[in-house]
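# Residue-level structure breakdown
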There are 2 protein chains.
Amino acid sequence: MKLADIYGHFQSDIKVIEKELEETIQARHDVLRKASTDLLHAGGKRIRPVFVLLAARFGNYDIHALKHIAVSLELIHMASLVHDDVIDDAELRRGRKTIKSQWDNRVAMYAGDYIFAKAVQTAAYFDNRSIHLIISDAIMEMCIGEVEQIRDQFNWDQNIRTYFRRIKRKTALLIAVSCKLGAIAADASDEIQRRLYLFGYYVGMSFQITDDILDFVGTMEQIGKPAGGDLRQGNVTLPALYAMHHNPDLKTEIVETISKDHHHADMDSIINQIKESGGIEYSVSVSDQYLAKAFKQLEALPDVEAKTYFLQLAAYIGRRKF
Amino acid sequence: MKLADIYGHFQSDIKVIEKELEETIQARHDVLRKASTDLLHAGGKRIRPVFVLLAARFGNYDIHALKHIAVSLELIHMASLVHDDVIDDAELRRGRKTIKSQWDNRVAMYAGDYIFAKAVQTAAYFDNRSIHLIISDAIMEMCIGEVEQIRDQFNWDQNIRTYFRRIKRKTALLIAVSCKLGAIAADASDEIQRRLYLFGYYVGMSFQITDDILDFVGTMEQIGKPAGGDLRQGNVTLPALYAMHHNPDLKTEIVETISKDHHHADMDSIINQIKESGGIEYSVSVSDQYLAKAFKQLEALPDVEAKTYFLQLAAYIGRRKF
């Protein structure tokens, strides 16, 4: 099953969201407008908006109210992508920092700030302080996740729990919040809100673990970059953590290879050893465990048509090949 | 009259705000907590909170509700200071960019994001969507102001209107918004809200122009850095714009001096010529005109005790020597 097939069932509402995103992003300033629209047109799976819509199917579904939540969450995601790209590591270390790229970095930072503020403004459509509290809290958790990722970079001795805590903050919480806010905006019961939040959280964990697996096993065509990029940048993810734990020699090799010159490190041998260590299978099984937990929450939810789509979407997200 | 004398009249409420700021900034993450508390303890005039408090004197003053608005606005100001310091120009160009400072830059960016989100969360104390709309709009305008400042850097041909538009967005609007939100939180009438907004806007313009004057005439002791720093960094402010307009030779000298090596440029001759051009007196007169407009708005407001303090504060801000 492809994403387009799942999305097909609510294609018209996704179009409403795309239109609203397009209009919302029309900044009053040319530079910011360009930065934002480029990002918007670069595409994306719109996972968070879709989760908002699906969650709202468990309550009173009104696309013209919901779209504000959906757009707000996509904007938060976009802003975080913009800030992720600021002060690119590689660019700096190669010593070819130019005025141009410096300008880009500062502008990117303010573009991210602008998009964050726009997300808050969009959510203010609802006169509901709990929505603001949830959104601001999600942004703060994401910031903590980013700072932890920076702190944990090139830390080869980190605990597996550190990894789970980090991806929870970086990825899973915003998807959990998407589900919860969709339910809140549709006036679903507290019990439904709670289950949808957990559903989103578990799917989000599976989503990130799958991403981290794909970084090792994906082809250039599938992931759009050479495999092993995470490790090269010092981001230690689940497959690598497993492999290093079970093969101390590999750990030594990784530390030496990356420490020497992580930009030009030959990752082939390392990637192969990680694959051979069983780190991929282990990560897939952890991802599947999260998916199973997500399905369990879904089962306990009322029987509405959206359930099937949620099921398909969760399965797609946790088992996708690109 | 000193700032402490003016603040003396509402010292106990300022203490409430300081305490609330201190508690609000206790981030759940050690790195972010440290970044935020360092910034908090570095001090600051707390201009925005004080304007919130004074504006609220024109309505139903309740410090325990107001403090959330006051803290929110100070946090926005703090977050913008944090982001201002990211990717410091000098640091980059001298080619001594280290992992340490890069780490600091990325952490500073996320610390700023965190503080912005905290500001939104703090404002959510009020179940009032117009407060959120005003706050998010102010942040967006500040972002536009920052991007314009980046775009206008080292642009020696910029119009004087560009300068006014820039300082409006960078500084004046947040002070205007502080006044307006204080009035809204105190349920003051629309008319009072409008006048207080304008009052804050005019004082904010005078505030920034005074800052820009001090950058040329202040001593090392007064401004904590060598004079002429703005121009050295390519930020073209009112005194320089006036001087260059009236003395094309000076413009040529400035462009040549700064373009050659702006970090080591000898600013003494340029500063003296700007002083001799009448650029300082002109800027003082523009600042005074804004102050006069501010006083006029104040006059039209109801006679409450706070009026006197507002008057003193505005006069202090527009005529201060440090």
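About the thresholds
- Residues numbered from 1 in each chain as written.
- Chains lettered and ligands numbered in written order.
- Predicted model: local features only at pLDDT ≥ 70, side-chain atom pairs only at ≥ 80, totals over all residues.
- Heavy atoms only, no water.
- Helix = DSSP H or I, 4+ residues; strand = E, 2+ residues; numbered from the N terminus.
- Expected span 1.5 Å × (residues − 1).
- Least-squares fit on C-alpha atoms with pLDDT ≥ 70 in both.
- Contact = heavy atoms within 4.5 Å.
- pLDDT = per-residue confidence, 0-100.
- Phe/Tyr/Trp six-rings, centres within 6.5 Å; stacked < 30°, edge-to-face > 60°.
- Lys NZ or Arg CZ within 6 Å of the ring centre and 35° of its normal.

What follows deals with helix H8 (residues 129–152) of chain B. Side chains of residues three or four places apart in an α-helix project in the same direction, reflecting 3.6 residues per turn. When the terminal C-alpha atoms of H8 of chain B are compared, their 34 Å separation across 24 residues agrees well with the 34 Å that a helix rising 1.5 Å per residue should span. Phenylalanine 154 of chain B occupies a position one or two residues after H8 of chain B and carries a positive phi of about 60 degrees.

Before going further, it helps to spend a moment on the relation of the copies chain A and chain B. For the pair chain A and chain B, the best superposition has an RMSD of 0.0 Å and corresponds to a rotation of 180 degrees with a translation of 0.0 Å parallel to the axis. The transformation just described matches what one would write down for a two-fold rotation axis. A share of 100% of interface residues in chain A that are also interface residues in chain B marks the association as one of identical surfaces.

A few words now on the side chain of threonine 210 of chain A. Here threonine 210 of chain A is to be found in helix H10 (residues 190–217). When neighbours within four sequence positions are excluded, threonine 210 of chain A is seen to be in contact with Ser287, Ile317, Gly318 and Arg320 of chain A.

Here we take up the confidence of the model for chain A. Residues and elements named next belong to chain A. Considering every residue of chain A, the mean pLDDT works out to 88; 93% of them sit at 70 or more. Note that pLDDT drops below 50 for residues 90–100; the model gives that stretch 20 contacts with residues more than four away or on any other chain. This complex was scored by the predictor with a pTM of 0.91 and an ipTM of 0.90.

This brings us to the packing of aromatic side chains. Residues and elements named next belong to chain A. Throughout the structure, instances matching the rule amount to 26 aromatic pairs over all chains. Here tyrosine 242 and tyrosine 282 contribute two aromatic rings whose centre-to-centre distance is 4.6 Å and whose plane-to-plane angle is 20 degrees, an arrangement assigned as stacked. Highlighted residues: tyrosine 242 in helix H13 (residues 238–246) and tyrosine 282 in helix H16 (residues 279–299), separated in sequence by 40 residues. An aromatic cluster is present here, built from Tyr163, Phe164, Tyr201, Tyr202 and Tyr290 joined pairwise through their rings. When the ring centre of tyrosine 61 is taken as reference, the NZ or CZ atom of arginine 57 above it lies at 3.8 Å. One Lys or Arg, lysine 180, reaches over the ring of tyrosine 197 and ends 5.8 Å from the middle of that ring.

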